[in-house]
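Close look at the chain arrangement
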Amino acid sequence: MAATSPMKVKTAFTEMTGVEKPLMCGGMHYVGYAELVAAVANAGCFGCITALTQPNPEALRQEIRKCRTLTSKPFGVNITLLPVGVPPDYPGLAKVCIEEGIKVIETAGRDPSQVINLVKPAGIKIIHKTTSVRHAISAIKRGVDMISIDGFECGGHPGSDDVTNWVLLPKACAKLNVPIIVSGACANGRQLAAALVMGAEGMNMGTRWMATRECGIKEGIKEALVKADERNTTLVMRSVGNTERVYKNPTAAKVVETEAEHPGDFEKIRPYVAGLAYKESFWSTGDPSTSVWSCGQSIGLIDSIPTCQELADEIMADCEACLNRVNRSRL
């Protein structure tokens with residue numbers, strides 16, 4: 001594994017976030033805590049504390065302050081807009097971000113207008129993660145500054161279009177009038193090189209950061225990511241209009257089976273997809289088989305559990321090697 005990375009890259013992403021490497025750790029429920037985000041920041045990358053993992057805005061404030069005791073480098077906050085019965089306190093979360101001096105927020109999920117309207121007057125920049133070009137166009141009209149385009153191979157919610165990044169990314173780079181970073185099953189330097197050549201300004205990873213030494217989840221989950229291959233994910237909740245890519249295990253299989261028997265009936269699958277179950281897997285038992293938890297097809301590219309610094313340096317070194325190989329091939 002590379003110890004240093006001589007490659008220096010300046011992109012719209014590094015300029016907007018103030019980081020050294022065009023790599024991001026997006027929000028992840030029950031994963032995006034201060035310790036991981038600080039380690040990502042100290043590695044020269046941009047990490048986001050996951051706001052909705054915190055029980056309330058004041059807890060988010062304390063997590064931001066904790067992160068600042070662990071790093072002096074820039075980091076952000078993820079605020080995801082989800083279709084839930086009782087909405088989170090978005091005004092409270094936005095107020096904390098403003099008061100704590102957060103400069104960049106990652107939004108994801110549904111229409112980000114509420115968050116945009118709350119934080120834009122304070123000069124905060126918005127990176128919006130979306131799974132389609134048409135939704136990206138709508139978000140840009142509403143005022144986002146950058147798009148994280150998320151392919152179907154991503155962990156979590158891949159949308160409803162089922163388009164992978166091999167088509168989605170170059171189309172986004174050609175059609176959209178704001179900078180683009182790539183998201184969805186991203187894990188290595190080859191992918192970063194390809195993304196940069198296609199016109200992206202950086203790469204947003206989720207699952208890959210889970211399998212790092214500083215990530216606080218249990219080793220059993222990390223080891224499952226290393227042992228898995230690209231076939232070890234499945235899709236759940238398609239019948240209820242909230243598709244999620246998750247680790248393929250007996251619990252996920254039960255959800256798929258139940259949906260086939262009772263399509264569209266969320267109450268039948270609720271016991272299996274409850275968020276607290278995978279929080280227990282991540283932080284208590286380390287058992288990858290007893291809950292439904294998100295991960296991308298990038299698990300097929302994960303074969304180690306490095307530090308965040310080692311991972312970032314390796315990605316940059318491999319990216320440089322790929323770009324140099326292309327240059328050497330020119331006639």
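Residues numbered from 1 in each chain as written. Predicted model: local features only at pLDDT ≥ 70, side-chain atom pairs only at ≥ 80, totals over all residues. Heavy atoms only, no water.

A few words on the packing of helix α8 (residues 189-198) against helix α14 (residues 308-328). Viewed as axis vectors pointing N to C, α8 and α14 meet at an angle of 55°, and their least axial separation amounts to 7 Å. Considering their axes alone, α8 and α14 lie oblique with respect to each other. Note that α8 runs across α14; the crossing there is right-handed. Contact with α8, carried on its side by G189, R190, L192, A193, L196 and V197, involves I315, M316, D318, C319, C322, L323 and R325 of α14 and no other residues of that element. A breakdown of the residues in the contact of α8 with α14 according to their chemical character gives nine nonpolar, one polar and three charged. (Axes fitted to C-alpha atoms, helices over the stretch in contact; angles between N-to-C directions. Helix = DSSP H or I, 4+ residues; strand = E, 2+ residues; numbered from the N terminus. Parallel < 35°, antiparallel > 145°, perpendicular 65-115°, else oblique. Left-handed = near helix turned anticlockwise from the far one by under 90°. Contact = heavy atoms within 4.5 Å. Nonpolar A, V, L, I, M, F, W, Y, C, P; charged D, E, K, R; others polar.)

Nonpolar side chains tend to gather and get buried jointly when the protein is soluble and globular. Within the largest apolar cluster, 82 residues are counted, with the highest numbers of intra-cluster contacts made by L60, I79, I147, W209, M210, F282 and W293. Sort the elements by how many residues they give to this core and α14 lands first, with seven residues. Formed by nine residues, the second largest nonpolar core is a distinct cluster that contains C48, V104, I127 and I181. (Core = buried A, V, L, I, M, F, W, Y, C linked by side-chain atoms within 4.5 Å. Buried < 20%, exposed > 50% of the residue type's maximum accessible area, 1.4 Å probe, protein only.)

What follows covers the layout of surface pockets. Put simply, the second largest pocket is a space of about 260 Å³. Surrounding the second largest pocket, 15 residues form its lining, E153, N165, W166, G184 and Q191 being those nearest its centre. Of all elements in the fold, only α7 (165-175) and α8 reach the threshold of two or more residues within the lining of the second largest pocket. By residue class, the composition of the lining of the second largest pocket is nine nonpolar, five polar and one charged. (1 Å grid on protein atoms, 1.4 Å probe; cavity = no way out; pocket = protein on both sides within 12 Å on 5 of 7 lines; lining within 4 Å. Points joined across faces, edges and corners; volume = space filled by probe spheres on them.)

For Y30, which is not glycine, the phi torsion reads 60° and is therefore positive. Relative to the elements of secondary structure, Y30 occurs in the loop between β1 (23-25) and α2 (34-42). Not every positive phi belongs to a glycine, and D162 is a case in point at roughly 60°. In this structure, D162 sits in the loop between β6 (146-150) and α7.

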